[in-house]
Amino acid sequence: MPARRPLCLGVLLLLPLAGALGRGDPAGPGQAAEGPRDAAEEPGSGRAWPPLRDLREPLRAAGAVLLRYWALFSCRLWPDTCSLDEEAPAGPLAWSLPLLGRQYLDILTTWFCRFQDCCDHGDCRVSNNFTGLRSDLSVRLHGQHVARELVLTAVRGYLELPRPDKALALSFHGWSGTGKNFVARLLAENLYRDGLESDCVQVFITMFHFPHPKYVDLYKEQLTVQLRTTQEHCPQALFIFDEAEKLHPGLLEALGPHLERQAPESHRAESPRTIFLFLSNLGGNAINEVVLGLLKAGWSREEIAMEHLEARLQAEIVAATDSGFGHSRLVEEKLIDSFVPFLPLESRHVRLCARDAFLSQGLPYTEEALDEIAKMMVYVPKEEQLFSSQGCKSVSQRINYFLP
């Protein structure tokens, strides 16, 4: 381990105890203070200059603290190489870290691990918390039982493969506000330690990142480089494309090679994994028509399954004339592993979204407030008034009307 590492962190590590070093009398118990005679020692007499002599013990103590802190810090980061003695010798500073010191060490360890791999196995940027993912999809996502099961099964099954031969591609479809972006965020939060902020997660918004068709060649080059760079530096990468139906055909073509099947590298115990999420409003009308028809026929919402939706959804995606997504390689060559339908949300789901918005901000709420927020939304079709035209979008802003 390089010798300079303790020095580069020394100042930070000593901050919690900096005040302690300056407290107390430099003379030990039972020792008399130095008299004026010592202060008058002439240069060259062999005795230290008094100010420097007074600092000798604090500096020695500071060095010991620094080494001890470094030992504790390195043992947290590299436990396999830890040689720290559990029984530290008792000394004037007592090696039982104070609460502030322990908290500071925790913060520093977390900060360091954002820039350096320091977990006991694998890549510590990747968490793959499937228990948390299942819980979030069950508790925080409302009205999307079909999407919940499809996403959880597809993602977990893919990530548990030791050597996948292609990237996982999921295409989310449904009206605005039904939860497509929310599920993408839940995936990032449960699969990566830093969620959407992880350098293994890249989010592309079509009209923001690729707004001008005349620059499509430049966009293709930049996108290819970014995908390749992320995959090279991350054993598990997540790419999210919002407004996927607006992607230029040239960009969709450039994505094709990244979704094709690849020969696994024989010299690697595990192959790198990549997940592509395409978020689109395309197909939302077909989904809504199927759901409305089944509900009017007496079905319960929870009885609606993927087999009721799949054919109509894919037919509308291919038939869309205002988007090239359905005619791209991704669809025609079946590079998309699953088209995930997001059902239209009803008033009861809007109430749940409003409740969650209050709770997320630590605010009290009443059932009357939830009812009022749900009534503020526009519902369609005109006759049935069954589905929220915006899903749960803008609900979090509407709770401001009900704050005390």
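You'll find the structure just up there.
Parameters at a glance
- Counting of residues starts from 1 at the beginning of each chain's written sequence and follows it residue by residue.
- Residues qualify for local features only when their pLDDT is at least 70, as the model is predicted, and side-chain atom pairs are given and counted only at 80 or more; totals for whole chains, interfaces and linings, by contrast, use all residues.
- Side-chain numbers come from the whole structure's heavy atoms, not from hydrogens or water.
- Only runs of H or I of at least four residues qualify as helices and only runs of E of at least two qualify as strands under DSSP, and these elements are numbered from the N terminus.
- The cut-offs for exposure are 20% and 50% of the maximum accessible area for each residue type, with area from a 1.4 Å probe on protein chains only; residues under the lower value are buried, those over the upper are exposed, and the others partly exposed.
- Note on contacts: a residue pair is in contact if any heavy atoms of the two residues lie within 4.5 Å.
- Counting rule for disulfides: a pair of cysteine sulfur atoms within 2.5 Å.
- The arc under discussion is defined with respect to the helix axis, by the directions toward the C-beta atoms.
- The term salt bridge refers to a pairing of a side-chain nitrogen on Lys or Arg with a carboxyl oxygen on Asp or Glu at a separation within 4 Å.

Caption draft 1: Looking closely at the overall build of the protein. Along its length, the protein carries 16 helices and 7 strands. Looking at the protein as a whole, 42% of its 404 residues are labelled buried. Contacts in the protein between residues at least 24 apart in sequence constitute 76% of all its contacts with a sequence separation of at least 6.

Caption draft 2: Fine view of the state of the cysteines. For the structure on display, the rule yields 2 disulfides. Linked covalently through their sulfurs, C200 and C234 form a disulfide whose S-S length is 2.3 Å. The sign of the S-S torsion, about -90°, decides the handedness of the disulfide formed by C200 and C234: left-handed. Separated by 34 residues along the polypeptide, C200 in the loop between α7 (180-191) and β2 (201-205) and C234 in the loop between α9 (216-233) and β3 (236-242) bring together distant segments of the chain. Residue C200 is classed as buried on the basis of its relative accessible area, which comes to 0%.

Caption draft 3: Here's a closer look at helix α15 (residues 367-376). Among the residues of α15, A369, L370, I373 and A374 are the ones counted as buried. Buried residues along α15 cover an arc of 135° about the axis, so they all sit on one side. The outward face of α15, more than 90 degrees from its buried face, is lined by the exposed residues E368 and K375. In this structure, the buried side of α15 is in contact with α14 (347-360), β6 (379-380) and α16 (395-398).

Caption draft 4: Structural context of the pattern of salt bridges. Applying the stated criterion to the full structure yields 21 salt bridges. One salt bridge connects D123 with R125, and the closest N-O pair in it is separated by 2.6 Å. An identical accessibility class is assigned to D123 and R125; each is buried. Notably, a salt bridge pairs E189 with R185, separated by 2.9 Å at the nearest N-O pair. Of this pair, E189 and R185 both sit in helix α7, 4 residues apart, roughly one helical turn. Overall, R185 belongs to the partly exposed group, its relative accessible area being 31%.

Caption draft 5: Focus on the environment of D371. Relative to the helices and strands, D371 is located in helix α15. For the pair D371 and R351, spaced 20 residues apart in sequence, the C-alpha to C-alpha distance is 6.6 Å.

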